[in-house]
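A closer look at the structure
This is what each chain is made of:
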Amino acid sequence: MLQRFRYRIDTLMGRGAPALFLVLAALCCVLALLNGLMLLLFAPDDVRPRDARSSLWAGLLRVMSPALLLRDRGPAPFLMLAVVMAFSGVVLMSTLIPVISTGLHNQLARLRAGRSLVLESGHTVILGWSSQIHVVVAELVEANRGRRHACITVLAEKDRTEMETEIRERIATLAGTRIVCRTGSPADPQDVSLVNPQQARSVIVLPSEEKRPDFGVVKSLLAVARTRQDPDTGPYVVAAIEDHQNLAAARLAGGPRCRVISTQGFIARLMVHSSLQSGLSSVYTELLDFADHEIYMSHQPGLTGLRFDDTLRAFRASTVIGLMRPDGHILMNPPGDTRIGHDDRIVLISESAATISLVPEVPELPAVSYALVPDAAERGRNVLVLGCNQHLAGIVEQFDAHLPAGSRVHVVTSEPVPIGNGYEGGLELTVQQADTTRRRVLESLLVEKYDHVMVLSPDGQDPEGADAGTLTTLLNLRDLAQDSQVPYTLVTEMADDRNRVLAQAARPDDLIVSANLLSLRLSQISENPHLDRIFDELFAPSGCQIMLRPATHYVPPWRPVTFGTVVEAVRRQGHLAIGHRLAHRVGEPPHHGVALNPDKETPLVYSPDDCVVILTSSSVIPPDHAP
């Protein structure tokens, strides 16, 4: 019997503080009832309550406050019972108070641990934690400006308090967006369900900074798919895969409402395009972030039946770049005689959705009587790549696809390079093993004989250590360039965006933080999944390309024109003008002279060194004309 009683006590204790609290509360009620009966049966007349209700109340007070015993007077049996009841109340209350305190403490600890269910809807879910989290959250905060009850939920294997503190310290303002963090594994469906992905607006899966992060991304995609009630409904899921060979598996794991980006191809193409054309990285950054001009799809019934070329002048504060058909098919830079359907959407660049408006009357622009300057004949170019990382093989392939015949790429790295020779475009590749941070090595390379120089951030190192070596190489290159009369473009990749200011002191032509640009693209697609196909088109080896061409190819120098006139002149060659780069503002961060979607009626005067940013279907990158 005693063992069974002990077993039941152990079982009761194992149920936690709530069960123990209920038992103690029941004992309090029983003891209050006994105290009331004692007062009714044994108390003297001057102490006895008037009725049963009063006796119960007095009995409860005696349980909660045994000090009332000091006021009792009467026979010995009554006083002895009162002492027993008071002692029982002391024991009971001394047990109940710690139970309540422990229960509250456990509940607060559970809340701090971030294990409670998120009861939000229309929020953005971020699965995983890496250095990209701050860029993604900052962009989503910018996108949420003006949106009521905006919320971003983060799930990662990290302490909830640490996550919330770090986000608030790294992001200047949240602009009304609430940040909710939960602790759990992004690869566990039960933990993923804590952030309520079924009612979210979108889900972003961040790759970890460990080796082979693709495996974790695939597991997270499977976990999100497990929480779906219907694979064809629910929020869109956006993720990035490092190795292109894992792309098919990731898309299969994510399902039909998943957008997966191949980091390998995206970063390689971006690095090569920016190296061959100075200023192009600023164009990409402005298109990918939410701070300035973005890509929108706008339904404009008033343009129904017009030709595509007629829409180019229909917006003063927006730049048209394509069409989106009702079936979701997107036409970038379509033929000028393409007719606008009633249900078509115009793809355009604008500062915000509020600035998209038709002009009252389409203006007639004066013809530009100016002899167009043909592109110079392509010549073989020499490229120097300093350093090695996971994108090197893709970078070499991109150079082979875009450089003319007779070009040469020389790779210098302290690590063995997993690339070979024999490229379809006839690219000549040489590899040299040396420490690129040493000045003697750079002097022996005769950097001035190259047309383009690219400095890569190494893999497998702490971002601070990797950027320290990159900065050393960059400073040595700039010092050597002071003695050289042959200008070359210098593109530098940084691992941490916080080192951008330090790198700008060395005056590179372009600075690229590849992780940041990937984060910007993930953020954009999470807000509008249709942008994924547009970015694929812009960054694909074939298809539409963004280029910088000299403004003098289209309009005469030192003569007042408007950007609307430039749009017409560029369109005559089958391209679209989306902005310009002014040479006298190249040294001004953050855009370095690049301005997308300028007002079409503002007077402009271009110098021979200014460039027009165009969108063309040509995949051949012309010689670098940027200053």
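This text follows the structure it describes.
First things first, this report covers the structure right here in the doc. (Residues numbered from 1 in each chain as written. Predicted model: local features only at pLDDT ≥ 70, side-chain atom pairs only at ≥ 80, totals over all residues. Heavy atoms only, no water.)

1. Remarks on the pattern of salt bridges
Under the defined criterion, the tally for this structure stands at 18 salt bridges. Here Arg313 ties to Glu568 by a salt bridge, and the two come within 3.1 Å at their closest N and O atoms. With Arg313 in the loop between helix H12 (308-311) and strand S8 (318-324) and Glu568 in helix H19 (residues 563-571), this residue pair connects regions lying 255 residues apart in the sequence. A residue is classified by how much of its surface remains accessible, and Glu568, at 21% relative accessible area, is partly exposed. Residues Arg521 and Asp536 are paired through a salt bridge, measuring 2.7 Å at the closest nitrogen-oxygen approach. Remark: Asp536 occurs in helix H18 (residues 531-539) and Arg521 occurs in helix H17 (residues 514-527); sequence separation between them is 15 residues. Judged by its relative accessible area of 2%, Arg521 falls in the buried class. Salt bridges here are not isolated pairs; linked through shared partners, they connect Arg259, Arg521, Asp532 and Asp536. (Salt bridge = Lys/Arg side-chain N within 4 Å of Asp/Glu carboxyl O. Helix = DSSP H or I, 4+ residues; strand = E, 2+ residues; numbered from the N terminus. Buried < 20%, exposed > 50% of the residue type's maximum accessible area, 1.4 Å probe, protein only.)

2. Some thoughts on the environment of Pro235
When you line up the elements, Pro235 lands in the loop between helix H8 (214-227) and strand S5 (236-241). In the structure, Pro235 is positioned 37 residues away from Gln198 in sequence and 6.9 Å away in space, judged by C-alpha atoms. In this view, Pro235 contacts Pro197, Gln198, Ala200, Arg201, Ser202, Val203, Arg228 and Arg257; residues no more than four positions away in its chain are not counted. (Contact = heavy atoms within 4.5 Å.)

3. Quick look at the packing of helix H10 (residues 263-276) against helix H11 (residues 280-288)
The N-to-C vectors of H10 and H11 enclose an angle of 135°; their axes lie 8 Å apart at closest approach. Compared by their axis directions, H10 and H11 come out oblique. In this structure, H10 contributes Phe266, Leu270, His273 and Ser274 to the contact, and H11 contributes Leu280, Ser281, Tyr284 and Leu288. In terms of residue class, the contact of H10 with H11 is made up of 5 nonpolar, 3 polar and no charged. (Axes fitted to C-alpha atoms, helices over the stretch in contact; angles between N-to-C directions. Parallel < 35°, antiparallel > 145°, perpendicular 65-115°, else oblique. Nonpolar A, V, L, I, M, F, W, Y, C, P; charged D, E, K, R; others polar.)

4. Some remarks on the nonpolar core
Most often, soluble globular proteins keep nonpolar side chains buried together rather than apart. Judged by nonpolar contacts, the single largest core of 107 residues is most densely connected at Phe399 and Ile546. Ignoring any residue separated from it by four or fewer positions in sequence, one finds Phe399 in contact with Val272, Ser275, Leu276, Val383, Val385, Val409, Leu427 and Met454. Within the second largest apolar cluster, 22 residues are counted, among which are Leu384, Val441, Val453 and Leu490. (Core = buried A, V, L, I, M, F, W, Y, C linked by side-chain atoms within 4.5 Å.)

5. With respect to the state of the cysteines
For the structure on display, the rule yields 0 disulfides. The cysteine Cys181 is free of any disulfide, with Cys151 supplying the nearest cysteine sulfur at 9.6 Å. The buried category is assigned to Cys181, whose relative accessible area is 0%. (Disulfide = S-S within 2.5 Å.)

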